[in-house]
Amino acid sequence: SIPPCESFVENLQIEKSKFGQLKVTFDFHYSWKPLDSPLINYQRFPIPIHRLLSENETTQFALQLCFGLWDDFVWGAPQHSAVPAGIDLWVTLLSPEKYEITLKDLGRLFKTNLSNSIFPRYFRLERNDGLVRFHDSFPKESVSLMMLKAATDFLSFDGKFGLIQLVDPFVIANSNYFSLITSAERAEDFSAFKITQKIVLTFRKFSEDDFFTLKSIFPRFVGEKLFPCPIASSSMIEILQGDFRGRVSLLDNEISTDQNLKQISEKSTQSSEENCLLVIENFVTGGIGGKGAVKCSVKCSCEVGCEVIFAQTIPNFLRPLFHTLKFSLVDNSINEYSFAEGSEVKLIVGAGIEPSSIEKGFSIPPHNEVVVSFEFLKRFLPMEDFPPDPNRGFDFPSPIFIFEGKVYMGSNSLVFIPLPDLSMPFNVITLTGTLVAFMIGSMINKMIRKSEWENKEKLSIWKKVINKIKRKKSDKFKPE
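Residues numbered from 1 in each chain as written. Predicted model: local features only at pLDDT ≥ 70, side-chain atom pairs only at ≥ 80, totals over all residues. Heavy atoms only, no water.

Student: Teacher, can you tell me more about the overall build of the protein chain here?
Tutor: Along the protein chain, the regular secondary structure elements total nine helices and 24 strands. Looking at the protein chain as a whole, 45% of its 480 residues qualify as buried. In the protein chain, once contacts between residues fewer than 6 apart in sequence are set aside, the share between residues at least 24 apart is 72%. (Helix = DSSP H or I, 4+ residues; strand = E, 2+ residues; numbered from the N terminus. Buried < 20%, exposed > 50% of the residue type's maximum accessible area, 1.4 Å probe, protein only. Contact = heavy atoms within 4.5 Å.)

Student: Can you help me understand a nonpolar patch on the surface in this one?
Tutor: Taken together, L435, V436, F438, M439, I440, M443, I444, M447 and I448 make up a surface patch of nonpolar side chains, about 960 Å² in accessible area. Looking at where M443 falls in the secondary structure, it is placed in helix α8 (residues 424-448). For M443, a relative accessible area of 47% translates into the label partly exposed. (Patch = residues over 30% accessible without salt bridge, like charges linked within 9 Å, V, L, I, M, F, W, Y side chains within 5 Å. Areas by Shrake-Rupley, 256 points an atom, 1.4 Å probe, with all protein chains shown as cover. Salt bridge = Lys/Arg side-chain N within 4 Å of Asp/Glu carboxyl O.)

Student: Help me out: how do you make sense of the sheet that holds strand β19 (residues 356-364) in this one?
Tutor: Pairing between sheet strands relies on hydrogen bonds along the backbone, with the strands arranged either parallel or antiparallel. Read across the open sheet, the five strands follow the order β18-β19-β16-β22-β23; overall the sheet is antiparallel. At either margin of the open sheet sits one strand with a lone partner, and together these are β18 (346-348) and β23 (406-409). Direction aside, neighbouring strands of the sheet carry axes that sit 20° apart on average. Pairing analysis gives four bridges linking strand β22 (residues 400-403) to β23, with the strands arranged antiparallel. Considered in β23, the bridge of F401 is made with Y408. (Pairing = 2+ DSSP bridges. Axes fitted to C-alpha atoms, helices over the stretch in contact; angles between N-to-C directions.)

Student: I tried to follow the pattern of salt bridges on my own but got confused; where do I start?
Tutor: Two side chains bearing opposite charge may form a pair once their charged atoms approach each other closely. Under the criterion given, the structure shown has six salt bridges. The salt bridge involving D27 is made with K198; its shortest N-O contact spans 3.2 Å. Highlighted residues: D27 in strand β2 (residues 22-32) and K198 in strand β8 (residues 193-203), separated in sequence by 171 residues. Measuring nitrogen to oxygen at the nearest pair gives 3.3 Å for the salt bridge that ties E375 to K291.

Student: Can you walk me through the side chain of Q312 in this structure?
Tutor: Here Q312 shows up in strand β16 (residues 306-314). Setting aside its immediate chain neighbours within four residues, Q312 contacts S356, S357, I358, F374, F396, P397, S398 and P399.

Student: Sorry if this is basic, but what is going on with the nonpolar core here?
Tutor: Considering soluble globular proteins, one finds that nonpolar side chains tend to be buried as a cluster. Ranked by size, the top nonpolar core spans 62 residues in total, and within it F26 and I237 carry the most contacts. Among the elements that make up this core, the one with the highest residue count is β2 (six residues). Those residues in contact with I237 that sit more than four places away from it in its chain are L12, I14, L163, L226, G246, R247, V248, L250, I255 and L261. Grouped together as the second largest cluster of nonpolar side chains are 34 residues, I280, L318, L325 and F403 included. (Core = buried A, V, L, I, M, F, W, Y, C linked by side-chain atoms within 4.5 Å.)

Student: Please clarify how the packing of aromatic side chains should be interpreted in this entry.
Tutor: Aromatic ring pairs are described here by two measures, namely the spacing of the ring centres and the angle between the planes. All chains considered together, the criterion is met by seven aromatic pairs. Note on F26 and F218: the rings are 6.1 Å apart at their centroids and 55° apart in plane angle, and the pair reads as tilted. Taken together, the residues F26 in strand β2 and F218 in the loop between α6 (214-217) and β9 (225-226) connect sequence positions 192 residues apart. Take F218: its relative accessible area is 2%, and that puts it in the buried class. The structure contains a cluster of three or more aromatic residues connected by ring pairs, namely F310, F327, F362 and F401. (Phe/Tyr/Trp six-rings, centres within 6.5 Å; stacked < 30°, edge-to-face > 60°.)

Student: I keep staring at the side chain of D88 and nothing clicks. Help me out?
Tutor: By the element assignment, D88 lies in strand β4 (residues 86-93). Judged by relative accessible area, D88 falls into the buried class, the value being 5%. At 3.0 Å, the side chain of D88 and the side chain of W90 are in polar contact. (Polar contact = N/O pair within 3.5 Å; in protein donor to acceptor, adjacent residues only side chain to side chain.)

Student: Explain the sheet that holds strand β14 (residues 278-285) here, please?
Tutor: If you trace the four strands from one edge of the open sheet to the other, you get β14-β15-β20-β17, paired in antiparallel fashion. Taken across any chain shown, the strands that pair with only one partner, and hence form the sheet edges, are β14 and β17 (318-329). If you compare each strand with its neighbour and ignore which way they point, the axes differ by 15° on average. Relative to strand β20 (residues 369-378), strand β15 (residues 291-300) runs antiparallel, the two being bridged by nine bridges. Within β20, the position partnered with S297 by the bridge is V371.

Purely spatial values, then, with no claim about function.
Now the structure itself:
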C-alpha cells in the first residue's frame, strides 16, 4: 500500500476521430512529501531528479521530446504544450549561474548532450519572486530512443506494472506524432516534490470498427491481462469516440488484451467544454537575399480575451532591426484596443555568439488576432561557424506565447544565409598544386636532362660547307 506521504496516479485516454485516426495520451503524476527522515520511501521517487532539484538550486524543469507533425485539422489545437519537432527545455533557477550545470545534469539524466548547440537560443524571463526562467530548444536530430527509454524509466518501476507497460518504442516509431513531456518541481522549503509525465501519440489510420482492444492498439504487449501499478491510487482508461465518453478503472476490473474497452466502460459525465486556446502561425521570409522578415499571428478563442507573454529568440546569425518591430490588431473595428499595462517591450541585443531576444506582454480581444512582425539582416559567418549541412538552412526558433501557465509555440523555420563558395579551397589547392608541380618539374628537367648540342662535335664553318657539298654529291649519284 502507498504511504500517505506519496501519491501516484496513472491515466490512459484513447480517442478516435471521425476520420478514423487515433490519439493515445498517457498521464502519470507522482508526488512525494518527505517525512522527518529524508530516506523514508526515497527509493520510489527518482533519486537523480531529487538530487537535481535539491543541489543545483533548481526549483522546476520541463523537458519535452517531440517528433512528427501535429494535425490541427483532425485534432484541433493541442491541449498539451505545442512545440516544434526536437527538444524543448524550461528551467527555473534561483541562481542564473547554475544554468550550464543544470544542462549537463539533465543531459546525463536523459542520455543526451544538451550543451552542443552551435547557436545558443535560450532566453531569460525574470519573475517577480526572484526566480529566473530559462528556455532552450534543440533540433529534432537530437531526439533518440535512448532519451525515450531514459525518460520512461523515471516512472516505469522496471516497466513491469501499470500503464507504462504499453509504452513501446515500436509503437512510437509507427506513430504520426509523438510528444513526451517530463516535468518536475519542488516546494520552496523542500517539503514536497512532484514529477509528471505526459505522452501523446497519434496514428494516421485505424480500423473502421468500434473495437478498442489493447492488442489492436499495442500489438507488442505480450501479457494476457493488464494490471495497475501496485502503488497507484487511480489507474483509469478513458475511451472517446464522437459523443461517446466512457471510463474503465484497472483497480476495479481485470482487463484482457482481447476485451473491447468500449463495451465494459462506464459512461462519464465529464464536461466537454472546450478550453480557451491559442492558434499560432509564423512565417519567415527573405529567401537567399541578405534581408528578411518575421511575421507571427496569434488567435484567441476565448470569450473574455487573453493576456499573453510573447517571447522571440533571434539567433546570432541574424541581426534584428528592432525599429521595425510592430504589434498590430487584425480587426480594425476595435478602436479602444491597447496593450496590457506595465508590459513594456524588453529587447536584448546579443553580442558575439549570444542571441538577441524580444519579450512583451499584451492582451488579445475575444476571437481576434494580433500580428507581430519585424525585419532582420543576415550576417556573413566565418567558415568555421557553419554546420556540416549548411545548404539545409539554419534553424530559426518558433516564437513563444505563455498563457495561463501553458506554453504555446508554432513551428521552427529554416533561414538561408549568405554562403561562401565552399568549392574555392579545393580550386585553390588544385591550382597551387599544378603550379608547384610545373615549376619543380621544369627545374628538375633543366638540371638533369642533357641537350643535343652538347653531344655533337663542334665544327668550323669551312668543314660544315665541305660536308654539305659532299652530301649533295652523294645524293646526285644515287640510283633512281
